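So the chains spell out like this:
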Amino acid sequence: MRRALPAGLAVLAVAVVVAAASLGGDGDDEPLPAGEAAPRSEPRPSSAPVAHLAALQRLAERNGGNRAAGTPGDRASARYVAARLRRAGWSVRLQPVRFPYFDEHSRPELALGRRRLRGVSTLRYSGSGSISGPVGPIDLRPPGAPGERDSGCRMSDFAGFPRGGVALMERGTCQLSLKVVNARRAGAVGALIFNDGRPGRSGTIEGTLGGPPARIPALFITHPAGQRLAARAGERVRMKVDADSETRTTHNVVADLEGATREVAMAGAHIDSVTRGPGINDNGSGVATLLAAGEELAASKRPHERSVRLAFWGAEELGLIGSRRYVRGLSPVERRRIAGYLNLDMVASGNGGRFVYSGGDRRSAGLARTARRELTRRGVRSQRRGLAGGSDHASFEAAGIPVAGLFSGASEIKDRAQRELWGGRANRPFDRCYHLRCDRLDAIDRRTLRELSGAAAATLRAVARGAA
Ligand code: BES
Ligand code: ZN
């Protein structure tokens, strides 16, 4: 087996590559695919994970500071991943993934005449725009009155509602989205749903309509605001929601390297960040790890027993959407061919731990054992931990495919025993920048990344050899 470079040398090598590249002496003149702007300090054909992380940080910076699903930073990241893999010799396919997109640009507004009302929140996937119309209460009952709070659940509730009005409804009985859809069908130009006023249910909630498109602005308001409006039926209200609410498309990037058998060793990492920040640890680190491993694997020319497939998922942060889409699209035969799936999500946490998780079955446990063995072999101590459904491995586990993953920790607190194992700071989170703006290149821990990415690459090679 090829020995990894000693840590110091690896860092030096990266420094030299990055320095050479930024001097323009990169020597890489292969044309990029259409639509690809060559990043100025593009790392060399085979790079350490940090070089890829630096590229992802730049892509976020040039695209509004994040790489969230459906944004320009997400597209640029997927193009970067696909271009690097193609250049390394992988056959790459982009799988479209549709998902509900919602991004609110400013706070919602609600006014009665000239008075702004407080206690207003936008329902997720509300339509966008400014409208006004007379308030129309929909089958409301006086507070405390008996009977179902089912205002707006049936079309008959809207008898006599004036077209062009704003429907005022109370929370209860059916889904918020049904009330809003019914209101729109009855000719409403806006929808207001107020809380029911039972104990603990007076304020606003972060409600959702489940998906786009609502087509009309839809707000959730407090119980008192609802009561106030109910007493002013027929008076004009003005509503404003400023949001993008639509179905968008992102892509899974799926790359194959053919082996001797039709069995597949698979590893994956999600491409998208949250909207708050550039997502360099979550999950630039997983992407960079797999890209570097993929480049090495393709360059090594050593025949592997199993085929290797790398997948870079879209829209994980919105509910594992890309990986679910992928698994759903596999035939039973294709599913059975996947010998194991290794998930990489957060492997460079600033105050990092070294965790290995896996599915509950015997073959998953075998994968986890291989990963822990590779860590031990590098002098790295690890802990097992459960992660339940928090990342893309869950999509595979649900389909009965063996899964395991490496993880360096998110907002959980590192205890003193863990500090003894891995250094860093006790009583502080593993990643203080989890899902925040500061999830940047300068906040990651390079030793954590080096150790986990080295072990991840070795685990993937072991699975490809059929040894796990
Ligand atoms: N990277 C995080 C957390 C994580 C890391 C979970 C490793 C599991 C393994 C992930 O992107 C995330 O934020 N997950 C969400 C749930 C997901 C279904 C949106 C979470 O854990 O809250
Ligand atoms: Zn993640």
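Up top is the structure.
Just so it is clear, the structure is predicted and the values come from calculations on it, not from any experiment.

## Some points on the state of the cysteines
Line of reasoning, step 1. In total, this model carries two disulfides according to the counting rule given.
Line of reasoning, step 2. In this model C153 forms its disulfide with C174; the gap between the sulfur atoms is 2.1 Å. Of note, the bridge from C153 to C174 carries an S-S torsion of about -90° and is left-handed in sense. Of the two residues, C153 is situated in the loop between β5 (129-137) and β6 (166-170) and C174 in the loop between β6 and α4 (176-185); the sequence distance between them amounts to 21 residues. No difference in accessibility class separates C153 from C174, as the two residues are buried.
Line of reasoning, step 3. Once the disulfide-bonded cysteines of the chain are ranked by sequence position, their pairing pattern turns out to be 1-2, 3-4.

## Details of the site of ligand 1
Line of reasoning, step 1. As a structural note, the neighbourhood of ligand 1 is formed by 13 residues, with E316, D345, G390, Y434 and H435 the closest of them.
Line of reasoning, step 2. The separation between an oxygen atom of ligand 1 and a polar side-chain atom of H270 is 3.3 Å.
Line of reasoning, step 3. With respect to ligand 1, the side chain of Y434 contributes an N or O atom lying 2.8 Å from an oxygen atom.
Line of reasoning, step 4. With the chains in place, 76% of the 500 Å² that ligand 1 exposes on its own is no longer accessible.

## Structural notes on the sheet that holds β6
Line of reasoning, step 1. Spatially, the eight strands line up as an open sheet ordered β3-β2-β9-β5-β6-β7-β8-β4, and their pairing is mixed. The two strands at the open ends of the sheet, each matched to only one other strand, are β3 (115-116) and β4 (120-122).
Line of reasoning, step 2. Taken together, the two bridges between strand β2 (residues 109-112) and β3 define a ladder with antiparallel strand orientation. Opposite L112, over in β3, you have R115 as the bridge partner.

## Some remarks on the side chain of S395
Line of reasoning, step 1. Looking at the secondary structure, you find S395 in helix α10 (residues 393-397).
Line of reasoning, step 2. Non-local contacts of S395, meaning those with residues more than four positions away in its chain, are made with L320, S323, R324 and V327.

## Some remarks on the pattern of salt bridges
Line of reasoning, step 1. Tallied over the full model, the rule gives 21 salt bridges.
Line of reasoning, step 2. Its salt-bridge partner being R440, residue E61 comes within 3.9 Å of it at the nearest N-O pair. Of the two residues, E61 is situated in helix α2 (residues 49-62) and R440 in the loop between β18 (428-429) and α12 (446-465); the sequence distance between them amounts to 379 residues.
Line of reasoning, step 3. With a relative accessible area of 47%, E61 lands in the partly exposed category.
Line of reasoning, step 4. A residue is classified by how much of its surface remains accessible, and R440, at 30% relative accessible area, is partly exposed.
Line of reasoning, step 5. Across the salt bridge formed by R309 and D256, the nearest N and O atoms sit 2.8 Å from each other. Of the two residues, R309 sits in strand β12 (residues 307-313) while D256 sits in strand β10 (residues 243-257), which places them 53 residues apart along the sequence.
Line of reasoning, step 6. The exposure class of R309 is buried, given its relative accessible area of 16%.
Line of reasoning, step 7. Beyond isolated ion pairs, a larger network of salt bridges with shared partners links R141, D150, R154 and D157.

## Side note on the sheet that holds strand β11 (residues 264-270)
Line of reasoning, step 1. Spatial strand order, β1-β10-β12-β11-β13-β16-β14-β15: eight strands in an open sheet with mixed pairing. Two strands lie at the open edges of the sheet, namely β1 (91-104) and β15 (383-384), each paired on one side alone.
Line of reasoning, step 2. Sheet topology note: the β10/β12 ladder contains five bridges and is antiparallel. Among the inter-strand pairings, L257 is bridged to a residue of β12, identified as V308.
Line of reasoning, step 3. Where helix α6 (residues 280-300) meets the sheet, its contacts fall on β10, β11, β12 and β13 (338-344), and the angle it forms with β11 comes to roughly 145°.

## What to know about helix α9 (residues 362-377)
Since the α-helix packs 3.6 residues into each turn, any two residues three or four apart lie on the same face.
Line of reasoning, step 1. Here α9 contains 16 residues, and its C-alpha end-to-end distance of 22 Å stays within 8% of the 22 Å for a straight helix at 1.5 Å per residue.
Line of reasoning, step 2. Contacts from the buried residues of α9 go to β13, β14 (355-358), β15, β16 (403-407) and α12.
Line of reasoning, step 3. Two or three places before R363, at the opening of α9, D361 has a side-chain oxygen 3.3 Å from that residue's backbone nitrogen.
Line of reasoning, step 4. Just beyond α9, the residue with positive phi is G379, at close to 75°.

## Points about unusual backbone geometry
Line of reasoning, step 1. Look at the link from P212 to P213: it is a cis peptide, with omega at -5°.
Line of reasoning, step 2. The residue P213 is located in the loop between β7 (190-194) and β8 (218-221) in this model.
Line of reasoning, step 3. Looking along the chain, the bond that leaves D282 and enters N283 is cis, with omega of 5°.
Line of reasoning, step 4. Within the element layout of this structure, N283 appears in helix α6.
Line of reasoning, step 5. The backbone phi angle of D139 is positive, close to 50°, even though this residue is not glycine.
Line of reasoning, step 6. With respect to the helices and strands, the residue D139 is situated in the loop between β5 and β6.
Line of reasoning, step 7. What makes D139 partly exposed here is its relative accessible area of 32%.
Line of reasoning, step 8. One non-glycine residue with positive phi stands out, namely R215, at about 70°.
Line of reasoning, step 9. By secondary structure assignment, the location of R215 is in the loop between β7 and β8.
Line of reasoning, step 10. By relative accessible area, R215 is classed as exposed at 57%.

What counts as what
Residues numbered from 1 in each chain as written. Chains lettered and ligands numbered in written order. Predicted model: local features only at pLDDT ≥ 70, side-chain atom pairs only at ≥ 80, totals over all residues. Heavy atoms only, no water. Disulfide = S-S within 2.5 Å. Helix = DSSP H or I, 4+ residues; strand = E, 2+ residues; numbered from the N terminus. Buried < 20%, exposed > 50% of the residue type's maximum accessible area, 1.4 Å probe, protein only. Near = heavy atom within 4 Å. Polar contact = N/O pair within 3.5 Å; in protein donor to acceptor, adjacent residues only side chain to side chain. Areas by Shrake-Rupley, 256 points an atom, 1.4 Å probe, with all protein chains shown as cover. Pairing = 2+ DSSP bridges. Contact = heavy atoms within 4.5 Å. Salt bridge = Lys/Arg side-chain N within 4 Å of Asp/Glu carboxyl O. Axes fitted to C-alpha atoms, helices over the stretch in contact; angles between N-to-C directions. Expected span 1.5 Å × (residues − 1).

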